[in-house]
Amino acid sequence: GADIGGRLAQPVIRGSLRTQNARLESAVTGMVITNVASQARFSGPQLIFSQINGSTPGNGSVAGNGTVTFSEGRTALNLSFNATQALLLNRDDVAARVTGPLKIRSEGQGGTISGNLHLDKGRFQLGRATAAAEVPQLKVHESGLDPEDVIEIADIHPWKLDLKVAGSDLQV
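Residues numbered from 1 in each chain as written. Predicted model: local features only at pLDDT ≥ 70, side-chain atom pairs only at ≥ 80, totals over all residues. Heavy atoms only, no water.

With respect to the element layout, S114 can be found in strand β8 (residues 111-124). Accessibility expressed as a relative area gives 17% for S114, which makes it buried. Beyond its immediate sequence surroundings of up to four residues, S114 is in contact with P101, L102, K103, D162 and L163. (Helix = DSSP H or I, 4+ residues; strand = E, 2+ residues; numbered from the N terminus. Buried < 20%, exposed > 50% of the residue type's maximum accessible area, 1.4 Å probe, protein only. Contact = heavy atoms within 4.5 Å.)

Let us now look at the confidence of the model for the protein. Confidence along the protein averages 87 in pLDDT terms, with 85% of residues attaining 70 or more. At the level of individual helices and strands, the protein shows its lowest average pLDDT in strand β10 (residues 170-171), which scores 70, and its highest in strand β4 (residues 46-56), which scores 97. (pLDDT = per-residue confidence, 0-100.)

All right, on to the environment of L170 then. Locating L170 in the fold gives a position in strand β10. Look past the residues within four positions of L170 in its chain and what remains in contact with it is L119, G122, R123 and F124.

Following the criterion strictly, the structure yields two salt bridges and no others. R23 is the salt-bridge partner of E25, the closest N and O atoms lying 2.7 Å from each other. R23 matches E25 in its accessibility class, with the two residues each being exposed. Linking R91 and D93 is a salt bridge whose minimum nitrogen-to-oxygen distance equals 2.8 Å. By relative accessible area, D93 is classed as buried at 9%. (Salt bridge = Lys/Arg side-chain N within 4 Å of Asp/Glu carboxyl O.)

Spelled out as structure tokens, the structure:
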């Protein structure tokens, strides 16, 4: 559990977080991570993960740690993972099972996913893609919030990929 105080721009959070058998899914990448287990504690605006572990289809796994910081109405990420035979991209047009280190970094405005990965198995098919899933844009009217607590669309920035991938088992 957690006790939350302060303001959105400067939260004060105390407590802990624990997950067992959780699931993380991405409609955009087709990634599914099951059996997610994590342990974390809150310290002020920061959630400190001592461990995050999960499984991907076909006996793949991810394991990591890091921090998530809630401040100034933004969420900063500093997470590190090690993937082992992990199926992290699984769409009808492209798939990748990889091994190696991954980092997710963000100061709350966009971010970077980086890593040095070995492609254990991959697939790429031209002309096979269905319409790529997009994150829906909801029209939201904020009421009862202080102006500094409202996150505007202009404050949202794109993410970058900085991945080095090497391997030879790619079907085209």
